[in-house]
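Each chain, written out:
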Amino acid sequence: IGVSLTSSSVEFAHVGGSEASPRLERVSSRPLSPGTLRPLFREQNIFNPQGFIIALKEARNALPCRGRSVSLSLPDSVGRVMMLDMEGRFRTRAEGLDLIRWKLKKRLPFDTADAHLDYQQIKTRENGDMVLLVALVLRPVITQYEELLEAAGMVPARIDFNSFNLCNLFERRLGAREDFALATYYESNLGIMFFAAGRPEFVRNKELPGDETVYDRMHKEIRCTFLAYKEHFPERESRNVFCFAPPPMAKDFCGIASDAAGCDPILLETKSALEIRENTSTKPEFLFPFTAAIGAALKAL
C-alpha cells in the first residue's frame, strides 16, 4: 500500500503482483479540508490532526486488503535533495552520516543534528572522492507524519519523496536508457534529474505557484537547469529526455522541455508503467494524482 499526501487530499494505492509484473489493484482518495496540511520545510505540516487522521482512515478502509504497513510519499518541498562531493571514503555508514552533517553545517540555516538524513553513494572519482545523493527532512516534520499515520492505525515502513517514487514507478522504462534527463511537474513541484550510466548526477527541485505565471516560471527554470547542467558537464548531450506532467498541461510541458533540451521528449504516463485491474479507470486524468502513491507501493513488492 502506498500513500501520497497533498494540501488538498490523501491518495492510497494498493499494488499487487510481483516486482517483475506489478498490478494496480485499487486506489482510493479522500479530500482534506482547507488548512489541514501545508507542505513546509521548517515547521510541522499538519494543522488539523483529527481531520487528517479521519481522512487517512476513510481512504485506507476503502481498500479491500489487510495489513498496517504502508509506504509514504511526501511532497518534495517538505525536505531537501542534493548532490554532494565528499573527500575520502567512509569506514561505516554512521561515520558517513556524521561527516555529511559536518559538511552541511555551513550550508544550511539550522542545526543538522535536527535533521533526519540519508544518502546513497553514486560514484567514486579518480582521486578517491565520493559523489553522494543526499536527502534530508527535519525530525519534527517527519515525526509528526509518522505519529499521525500510527494514530490512524498504519505503520509507515518506508518514507520517501514524490520525485523518487515517480522515478521508481517508471524505472523499467527509464532503465532502457543509461544517459537521460527526467523532467516532472507534480503537485506544484518542478523536478529535473539528469542521469549518467543509470545513476543521478544532477538534481534540482523547485516549488512553483499554480497561477497564471506558472508557464513562464517553468520555462525559465527548465532552461536555466539545462544550461547549468551543461556548464557542469560540458561533455554530456541531453539526447534522451522524459517528461511527466498533469494531463491538461503535458503537451505544453513537453514543448518547454524540448526548447531547453533541443530534442523531442518522451511523455510518460502512469498507465504504461504497470498492469491495471479492469475495474480501475485508465484515464490519465484519473490516474495522475495516484502516481506517487503507486510508485511508493511498488517498493514493497
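First, a word on scope: everything that follows refers to the structure included in this document. Keep in mind the model is a prediction, meaning the values are calculated, not measured.

This next bit is on the packing of aromatic side chains. Overall, the coordinates contain 14 aromatic pairs when judged by the stated rule. A ring pair is formed by Tyr229 and Phe233, whose centres lie 5.2 Å apart and whose planes are at 40°; its orientation type is tilted. An identical accessibility class is assigned to Tyr229 and Phe233; each is buried. Ring geometry for Phe244 versus Phe288: centroids 4.9 Å apart, planes at 20°, classification stacked.

Although it is not a glycine, Glu187 sits at a positive phi angle of roughly 50°. Within the element layout of this structure, Glu187 appears in the loop between β9 (180-186) and β10 (189-196). One non-glycine residue, Ser188, lies in positive phi territory at about 70°. Within the secondary structure, Ser188 is located in the loop between β9 and β10.

In terms of nonpolar packing, the biggest core is built from 81 residues, with Leu5, Phe52, Leu56 and Tyr145 touching the most fellow members. If we skip the residues at most four places from it in the chain, Tyr145 touches Leu5, Leu37, Asn45, Ile46, Phe52, Leu72, Leu74 and Val78. In this structure, Ala181, Phe194, Phe202 and Val214 belong to the second largest nonpolar core, which totals 25 residues.

All right, on to helix α9 (residues 291-298) then. Within α9, 8 of the 8 residues are buried, leaving the element largely enclosed by the surrounding structure. Those residues of α9 not exposed but buried are Thr291, Ala292, Ala293, Ile294, Gly295, Ala296, Ala297 and Leu298.

Applying the stated criterion across every chain yields a total of 9 salt bridges. Of the charged contacts, one joins Arg91 and Glu95 as a salt bridge, the two residues approaching to 3.2 Å between their closest N and O atoms. The class of Arg91 is exposed, set by a relative accessible area of 74%. The salt bridge involving Glu201 is made with Arg236; its shortest N-O contact spans 2.8 Å. One end of the pair, Glu201, is in strand β11 (residues 199-207); the other, Arg236, is in the loop between α6 (214-232) and β12 (241-244), with 35 residues separating them in the sequence.

Backbone-to-backbone hydrogen bonds join strands into a sheet, with any given pair of strands oriented parallel or antiparallel. Pairing within the open sheet is mixed, and its 5 strands lie in the order β11-β10-β9-β12-β13. What marks the edges here is a single partner per strand, and that holds for β11 and β13 (266-267). With 8 bridges joining them, β10 and β11 adopt antiparallel strand pairing. Across the sheet, the residue bridging to Phe195 is Pro200, located in β11. Packing against the sheet, α6 makes contact with β9, β10, β11 and β12, and its axis sits at approximately 155° to β11.

Once that is clear, we can look at the environment of Leu117. Turning to its location among the elements, Leu117 is positioned in strand β6 (residues 115-124). Owing to a relative accessible area of 7%, Leu117 belongs among the buried residues under this scheme. The sequence separation of Leu117 and Ile276 amounts to 159 residues, and the corresponding C-alpha distance is 35 Å. The contact partners of Leu117, leaving out residues within four places of it in the chain, are Leu97, Ile100, Arg101, Leu104, Val134, Ala135 and Leu136.

What follows concerns the side chain of Thr270. Tracing the chain through its elements places Thr270 in the loop between β13 and β14 (275-276). Looking at Thr270, its side chain comes within polar contact range of the side chain of Thr291, at 2.8 Å.

Time to look at the environment of Gly210. For Gly210, the position within the fold is in the loop between β11 and α6. The class for Gly210 is exposed, based on a relative accessible area of 71%.

Okay, a positive patch on the surface next. A cluster of like positive charges, contributed by Arg204, Lys206, Lys220 and Arg223, occupies part of the molecular surface. For the positive patch, the secondary structure elements donating two or more residues are β11 and α6. Topologically, Lys206 is positioned in strand β11.

Here Glu212 shows up in the loop between β11 and α6. Along the backbone, Glu212 and Arg101 are 111 residues apart, and their C-alpha atoms lie at a distance of 39 Å.

Moving on to the pairing of β10. The buried fraction of β10 is high, at 8 of 8 residues. Residues Asn189, Gly191, Met193 and Phe195 line one face of β10 and the alternating positions Leu190, Ile192, Phe194 and Ala196 line the opposite face, and both faces are buried. Pairing between β9 and β10: 7 bridges, direction antiparallel. By the bridge assignment for β10, Phe180 is matched with Phe195. Connecting β10 to the antiparallel partner β11 that follows it, the hairpin turn spans 2 residues, and Ala197 within it adopts a positive phi of roughly 55°.

So, how was this worked out
- Residues numbered from 1 in each chain as written.
- Predicted model: local features only at pLDDT ≥ 70, side-chain atom pairs only at ≥ 80, totals over all residues.
- Heavy atoms only, no water.
- Phe/Tyr/Trp six-rings, centres within 6.5 Å; stacked < 30°, edge-to-face > 60°.
- Buried < 20%, exposed > 50% of the residue type's maximum accessible area, 1.4 Å probe, protein only.
- Helix = DSSP H or I, 4+ residues; strand = E, 2+ residues; numbered from the N terminus.
- Core = buried A, V, L, I, M, F, W, Y, C linked by side-chain atoms within 4.5 Å.
- Contact = heavy atoms within 4.5 Å.
- Salt bridge = Lys/Arg side-chain N within 4 Å of Asp/Glu carboxyl O.
- Pairing = 2+ DSSP bridges.
- Axes fitted to C-alpha atoms, helices over the stretch in contact; angles between N-to-C directions.
- Polar contact = N/O pair within 3.5 Å; in protein donor to acceptor, adjacent residues only side chain to side chain.
- Patch = residues over 30% accessible without salt bridge, like charges linked within 9 Å, V, L, I, M, F, W, Y side chains within 5 Å.
- Areas by Shrake-Rupley, 256 points an atom, 1.4 Å probe, with all protein chains shown as cover.
- Lys, Arg positive; Asp, Glu negative; His and termini not counted.
- Charge placed at Lys NZ, Arg CZ, Asp CG, Glu CD.

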